[in-house]
Amino acid sequence: MGRQPQLIFLGAPGSGKGTQASYLVKNFGYKHVSTGDLLRAEIGKGSSLGMRVKGIIDAGHLVDDMTVLELLKANCDTSKGHFIFDGFPRTLNQAKLLDEHLLRGCTTQTVYFKIDLEVLVQRITNRRVAPKSGMIYNLLSHPPKRPGVCDVSGEPLVHRKDDTEAVIRNRIDVFKSTIDEMVEFYKQKQVLKVIDANTDESIIRENLLSALALNGVNNDLPY
Ligand code: AP5
Ligand code: MG
């Protein structure tokens, strides 16, 4: 698949993985695969997998590795495109599974969106999402033009069930307990880029593009 690498996005809940992925999808032909989105879609469909994982996600815990891996395998074929893996891996074991099952023989690049954890609660409690269009809004930093409605699809915006303060704190604790081992893993493989995610979206985007040596930026786009 050419020279473009498969991308792995690491970062705390609310660090902007989905927001930045959406820009690369629109402008560089990447396909976005977010395990959080896939799991929420299963819950939305009421599938048996969805019923099984709902309580775990609503509480901010991790779903077991094999369930998430199987879902991921069913939803991405790295021989047919360049993907952004958002939210997978979340543990060292998942990083190894990703290499073994989906990234064998692929060029890869890992981006860690590093952020001060104190800003996350405010960011996430103000997030609103449009599940069909995939647009991500923020009531403070990026509100929709019409309150409660997606600019692109016109669908009603959703406040994720796990975006409450108590659950966010739990998700942040889970993140803190797993990030170091993954960072070390990708450092050893020499495929890790660290981006400061504390700043404005546009600055993060520029730093991301330069870290990935991507050209042809369309600066007119809001995202
Ligand atoms: P998932 O959906 O992956 O959630 P997450 O990792 O907690 O990350 P988020 O989606 O909350 O944040 P993001 O980094 O995408 O930020 P965003 O761009 O939206 O996972 C949910 C759950 O599913 C997990 O808790 C777990 O239960 C389960 N799960 C998923 N994957 C799993 C796995 N591999 N194994 C086991 N379980 C798994 O931005 C956030 C907000 O900030 C938005 O409002 C946005 O507009 C705003 N914003 C973005 N950038 C900026 C900026 N620079 N300045 C100001 N605001 C900004
Ligand atoms: Mg996300």
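In the block above lies the structure referred to throughout.
Owing to the predicted nature of the structure, the values given are computational and were not obtained by experimental measurement.

Trainee: Whenever I open this one, the pairing of strand β1 (residues 6-11) confuses me. Can you help?
Mentor: Working note: regular strand, side chains alternate between the two faces of the sheet. Counting buried positions along β1 gives six out of six residues, so the element sits mostly inside the fold. Of the two faces of β1, the one holding Gln 6, Ile 8 and Leu 10 and the one holding Leu 7, Phe 9 and Gly 11 are both buried throughout. Across six bridges, β1 lies against strand β4 (residues 108-114) in parallel orientation. Across the sheet, the residue bridging to Gln 6 is Thr 108, located in β4.

Trainee: Explain the pattern of salt bridges to me, please; I cannot follow it from the model alone.
Mentor: Any two side chains of opposite charge can pair, given that their charged atoms come close. Applying the stated criterion across every chain yields a total of 14 salt bridges. Its salt-bridge partner being Asp 58, residue Lys 161 comes within 4.0 Å of it at the nearest N-O pair. Placement of Lys 161 in the loop between β6 (136-138) and α7 (165-188) and of Asp 58 in helix α3 (residues 48-58) is noted, with a sequence separation of 103 residues between them. Here the salt bridges do not stand alone but share partners, grouping Arg 127, Arg 160, Asp 162, Asp 163 and Arg 171 into one network.

Calculation criteria
- Residues numbered from 1 in each chain as written.
- Chains lettered and ligands numbered in written order.
- Predicted model: local features only at pLDDT ≥ 70, side-chain atom pairs only at ≥ 80, totals over all residues.
- Heavy atoms only, no water.
- Buried < 20%, exposed > 50% of the residue type's maximum accessible area, 1.4 Å probe, protein only.
- Helix = DSSP H or I, 4+ residues; strand = E, 2+ residues; numbered from the N terminus.
- Pairing = 2+ DSSP bridges.
- Salt bridge = Lys/Arg side-chain N within 4 Å of Asp/Glu carboxyl O.

So far we have only geometry, and geometry alone does not tell us how the molecule works.
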